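# A look at the structure
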Amino acid sequence: MPSSLIRRGIWAIGAAVIVIALVVATLPLIASTRIVRDRIAWEMSAWSGFRVAIEGSPRIEVWPTFRAILTDVTLSQWTDTETPPVVEAERVEVDLSAMAALRGDVVFSTARLVRPTIRVQRTPTGLFLPAVPTGGRITRSIDTARGVVNADPAKPNLDKLPTDSFGTVEFRDGRMVASVNGKDVEILSSLSGQATWAAMNSNATLSATGIWRGESVAVDAASEKPLVLFAGGLAPLSLSFKAPPATFSFDGTASMSENSYFDGQAKFSAPSLRRVLEWLQAGIAPGAAIGSVSISSKVTATAGRVKFENTAIALDNNPGMGALDLSLGEAQPVISGTLAFDTLDLRSFLSAFTPLAPTGAVGPSDVDTSFADKINLDLRLSAAHATAGPIQLADVAATAQVKDGLSVFDISDASAFGGNIQTSLRFDRKPEGSQVEIRLLASDIDGGAFATAAGMTRLVPVGTGTVSVILKGPGRTWNSIFDNADGSVSATFGPGALSKLNLPAFLKHTEQGGFFALDDVSDGTLPIDGAEIKASISKGVARIDKAEANSAKYKIWLSGIASYAGRGLALSGGVIQPDQAATQTNGQQGPNQASFFVGGTWSTPFISPISRGVSGE
């Protein structure tokens, strides 16, 4: 190769290197003279629709990317110079196009807002949103898209949408504030994420994280036709929200027109519904813990109404299916529908809308029925199997209603204790305090199983019978309801037996005198022809008006009082032979009679014989 050709090649390479070096060296000079801060501010204003002001001088960096670093940047409304800026950022980093800079243009694909403060306002719907700009390329693009959508709402011509390039906006360590009584109140902190929108007619995504009310939250949103969505047209939308108290997702189509519309699949889950209500500051006082909740449903939402179809719901891992309807048109939201469960924990379900404080809680003895002032509810429920504490039920048909301070839960039909159960639980919020009413009718049940569930195991009629309970009074916990209630209890039983009673041994002990424990004579069972019980309840104390059990040879009776709160007993009783009952004269007992006093507690009763010569009944 000739030496002259080599020399020319070396000179050419050297010249190219010199040109590149000169371009790189002159870029900051060009940027600082031609891409001045006013030009950058103008370009940002043209896109955002806000008045952009940059207090500090731009600093230009060439490596590793060509970018401008701006300080003390504000975005304000053009029409309102008195209010604080909509956005304030300590620093904004803008990635610039080097070739465009050499031409004197500002073209950037990415803008990073460092420690921005975004001011938001509460909307009529309760959401906090920033002020809407009065102009800008994005606003004009939306207006153009709105015309395209209005021309053919069912199938807008996407070819007529604006095609302007946009880019990516990143934000780091930001916050949202709202003005409350003239002071800025922080709504969201540690806000970081990015919005990517390559061009006005392309898809867009948003990803953000932050801290809201002390919990870390993450939001992701995406749409294939964001411009159509913002213009009020129907467009695909996916949305997800994640936080420790709850997660939510939606995947379907949506319209953000004046008559908003959503249609798609939605999912919601929370490890504790009570925690979610407290976190959302729903105005419901903390009470009994509500367990986990998860919902998956086909959702169709229009203005003021949301329909949930093919709804799969799980309460404390008890799965169910059904359909729900949410109406937002009245003073309080209204939820109605039907739900069918295979298994259902009735206590967990009840605590969702009749929140009782945990046992042992201090404070006023009122049930927290504030939930009934926040929402109206009308649900029809069914369950193949259900539990209420230790009680097992089957084939349950029930209703749950909440309206105007009143919460009612009715079981119209259920199988339990070998028979049929009907019950009603009513919480009524009144000016003088909340009142609780419980009604129970148990028909054709096994008396022994029923008594065991009620905590009574001694002198219980074992046989088929009917029990009726009516209680009413103030209460804040399950125990306090029974401690303060007034009402009545009645029961009748057919042929069966009295459990844990060895009558011959009992009579022998009373004949010998001296008190003894009922446990000492509990190693037997007394067959009976029937039994009847009637008692009145006052302030949690049962006054037994009648308690009789009849066997072939004897009649056993009891009367007196029994306290539910202290489980104390103060009863008198007797054992007589029916054919000798009529022969009693002058208060004297027959030879095979016994009178006694029952004291102690429900769990450890003691018998004290009454000496002969004292009338038994």
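Residues numbered from 1 in each chain as written. Predicted model: local features only at pLDDT ≥ 70, side-chain atom pairs only at ≥ 80, totals over all residues. Heavy atoms only, no water.

On to the nonpolar core. By size, the foremost hydrophobic cluster in this structure holds 70 residues, and its most contacted members are Phe 409 and Phe 506. With sequence-adjacent residues up to four places away left out, Phe 506 is seen in contact with Leu 501, Phe 516, Leu 518, Val 521, Val 575, Phe 596 and Ile 607. Ile 54, Ile 60, Val 87 and Val 120 belong to the second largest nonpolar core, which has 31 residues in total. (Core = buried A, V, L, I, M, F, W, Y, C linked by side-chain atoms within 4.5 Å. Buried < 20%, exposed > 50% of the residue type's maximum accessible area, 1.4 Å probe, protein only. Contact = heavy atoms within 4.5 Å.)

With that settled, consider empty space enclosed by the protein. Counted under the stated rule, the structure contains one cavity of 30 Å³ or more. There is about 80 Å³ of room inside the largest cavity. Around the largest cavity sit Leu 459, Leu 501, Leu 503, Phe 506, Leu 518, Ile 556, Leu 558, Val 575, Phe 596, Val 598 and Ile 607, which together line it. Of all the secondary-structure elements, those providing two or more residues to the lining of the largest cavity are α10 (503–512), β29 (555–563) and β31 (594–600). The residue makeup of the lining of the largest cavity, split by class, is 11 nonpolar, no polar and no charged. (1 Å grid on protein atoms, 1.4 Å probe; cavity = no way out; pocket = protein on both sides within 12 Å on 5 of 7 lines; lining within 4 Å. Points joined across faces, edges and corners; volume = space filled by probe spheres on them. Helix = DSSP H or I, 4+ residues; strand = E, 2+ residues; numbered from the N terminus. Nonpolar A, V, L, I, M, F, W, Y, C, P; charged D, E, K, R; others polar.)

Under the definition given, this model contains 10 aromatic pairs. Note on Trp 197 and Phe 230: the rings are 5.9 Å apart at their centroids and 70° apart in plane angle, and the pair reads as edge-to-face. Taken together, the positions of Trp 197 in strand β8 (residues 183–199) and Phe 230 in helix α5 (residues 226–230) put the pair 33 residues apart, joining distant regions of the chain. Note on Trp 197: relative accessible area 9%, which makes it buried. Residue class for Phe 230 comes out partly exposed when judged on its relative accessible area of 36%. When the ring of Phe 241 is compared with that of Trp 279, the centres are 6.2 Å apart and the planes differ by 35°; the resulting orientation is tilted. With Phe 241 in strand β11 (residues 235–242) and Trp 279 in helix α6 (residues 273–279), this pair connects stretches of sequence that are 38 residues apart. Take Trp 279: its relative accessible area is 9%, and that puts it in the buried class. These aromatic residues form a ring-pair network of at least three members: Trp 47, Phe 166, Trp 197 and Phe 230. Over the ring of Trp 78 we find Arg 51, and its NZ or CZ is 6.0 Å from the ring centre. (Phe/Tyr/Trp six-rings, centres within 6.5 Å; stacked < 30°, edge-to-face > 60°. Lys NZ or Arg CZ within 6 Å of the ring centre and 35° of its normal.)

A word on α10. Taken together, the buried positions of α10 are Leu 503, Ala 505, Phe 506, Leu 507 and Thr 510. If you follow the buried residues of α10, they end up packed against β25 (516–517), β26 (526–528), β29, β30 (569–576), β31 and β32 (605–609). Directly after α10, the chain includes Gly 513, whose backbone phi takes a positive value near 85°.

A few words on the side chain of Arg 119. Note on placement: Arg 119 falls in strand β5 (residues 108–122). Of the polar contacts made by the side chain of Arg 119, one reaches the backbone oxygen of Pro 85; its length is 3.3 Å. Ignoring anything within four residues of it in the chain, the contact list for Arg 119 reads Pro 84, Pro 85, Val 86, Glu 88, Pro 130, Ala 131, Val 177 and Asp 184. (Polar contact = N/O pair within 3.5 Å; in protein donor to acceptor, adjacent residues only side chain to side chain.)

This brings us to the confidence of the model for the protein. Per-residue pLDDT for the protein averages 82, and the proportion of residues at 70 or more is 81%. In the model, residues 29–34 has pLDDT below 50 throughout and makes 10 contacts with residues more than four positions away in sequence or in other chains. (pLDDT = per-residue confidence, 0-100.)

Inspection of the entire model under this criterion finds 18 salt bridges. Measuring nitrogen to oxygen at the nearest pair gives 2.8 Å for the salt bridge that ties Arg 275 to Glu 215. Of this pair, Arg 275 sits in helix α6 while Glu 215 sits in strand β10 (residues 215–223); the two residues are 60 residues apart in sequence, bridging distant segments of the chain. A residue is classified by how much of its surface remains accessible, and Arg 275, at 33% relative accessible area, is partly exposed. Across the pair Lys 539 and Asp 486 runs a salt bridge, and its minimum N-O distance is 3.9 Å. Residue Lys 539 is located in the loop between β27 (530–538) and β28 (541–550), and its partner Asp 486 is located in strand β24 (residues 486–498); the two are separated by 53 residues in the primary sequence. You can call Asp 486 partly exposed: its relative accessible area is 32%. What emerges from the salt-bridge pattern is a single network uniting Glu 88, Arg 119 and Asp 184. (Salt bridge = Lys/Arg side-chain N within 4 Å of Asp/Glu carboxyl O.)

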